[in-house]
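Each chain, written out:
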Amino acid sequence: MNYGIDCWEKVYKKGLNAAGSKLMKKAMESIKSYEERLAQYISGEITAETDESYKADQMDWNKDNYWYGRSFEEYKDWMINEFFPHRIADKQKELARFQKVNFEA
């Protein structure tokens, strides 16, 4: 979403409205979810047998998928080192929009 400077000035002066609160909460919940899933990959709780996304990528109807035929270890490494860090960083950028909000107003 893009916001004009006038809109942001109102938000900064008055705190968050319902829509802003919803956006902020959604970003925070996404970060929490991504961090939990990342921890599950790192701990080994998620395996090739339990990862539904990886299993779907390995099905015959999905042969055009990049991950088809690739090892779970390669997929896991990508999830840990690229996918989740990138998603978390994106959501943290979304949260940065709220850094000037006066929550005491």
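Attention in this report is confined to the structure presented alongside it. Just so it is clear, the structure is predicted and the values come from calculations on it, not from any experiment.

Here the focus is the overall build of the chain. For the chain, the count of helices and strands is four helices and zero strands. When the helices and strands of the chain are listed from N to C terminus, the series reads α-α-α-α. Buried residues in the chain amount to 25% of all 105 residues. Long-range pairs, those at least 24 residues apart, make up 62% of the contacts in the chain with a sequence separation of at least 6. Carbon and sulfur atoms provide 51% of the accessible area of the chain, an area that totals close to 7,700 Å².

The next subject is the packing of helix α2 (residues 18-43) against helix α4 (residues 72-96). Each pair of packed helices can be described by the angle between their axes along with the distance between the axes. Packing of α2 against α4 brings their axes to within 9 Å, and their N-to-C directions diverge by 160°. It follows that α2 is roughly antiparallel to α4 by the angle criterion. Handedness of the crossing formed by α2 with α4: left-handed. Mapping the contact onto sequence places Met24, Ala27, Met28, Ser30, Ile31, Tyr34, Glu35, Arg37, Leu38, Tyr41 and Ile42 in α2 and Phe72, Tyr75, Lys76, Met79, Ile80, Phe84, Arg87, Ile88, Lys91, Gln92, Glu94 and Leu95 in α4. Per-class residue counts for the contact of α2 with α4 are 15 nonpolar, two polar and six charged.

Along the chain, the position of Asn62 falls in the loop between α3 (52-57) and α4. Residue classification places Asn62 among the buried residues on the basis of a relative accessible area of 14%. Setting aside residues up to four positions removed in sequence, Asn62 forms contacts with Ala56, Asp57 and Tyr68.

All right, on to α2 then. End to end, α2 covers 37 Å across 26 residues, agreeing with the expected 38 Å (1.5 Å per residue, within 8%). Within the span of α2, buried status applies to Gly20, Met24, Ala27, Ser30, Ile31, Leu38 and Tyr41. Turning to α2, the residues buried within the fold contact α4.

A separate point is the nonpolar core. Residues Ile31, Leu38, Tyr41, Ile46, Tyr54, Trp67, Phe72, Tyr75, Met79, Ile80, Phe84 and Ile88 constitute the largest nonpolar core, which totals twelve residues. For this core, the secondary structure elements donating two or more residues are α2 and α4. Considering every element that reaches this core, the biggest residue donor is α4, with six residues. Residues contacting Ile88, with those up to four places away along its chain left out, are Ile31, Tyr34, Glu35 and Leu38.

The rules we used
- Residues numbered from 1 in each chain as written.
- Predicted model: local features only at pLDDT ≥ 70, side-chain atom pairs only at ≥ 80, totals over all residues.
- Heavy atoms only, no water.
- Helix = DSSP H or I, 4+ residues; strand = E, 2+ residues; numbered from the N terminus.
- Buried < 20%, exposed > 50% of the residue type's maximum accessible area, 1.4 Å probe, protein only.
- Contact = heavy atoms within 4.5 Å.
- Areas by Shrake-Rupley, 256 points an atom, 1.4 Å probe, with all protein chains shown as cover.
- Axes fitted to C-alpha atoms, helices over the stretch in contact; angles between N-to-C directions.
- Parallel < 35°, antiparallel > 145°, perpendicular 65-115°, else oblique.
- Left-handed = near helix turned anticlockwise from the far one by under 90°.
- Nonpolar A, V, L, I, M, F, W, Y, C, P; charged D, E, K, R; others polar.
- Expected span 1.5 Å × (residues − 1).
- Core = buried A, V, L, I, M, F, W, Y, C linked by side-chain atoms within 4.5 Å.

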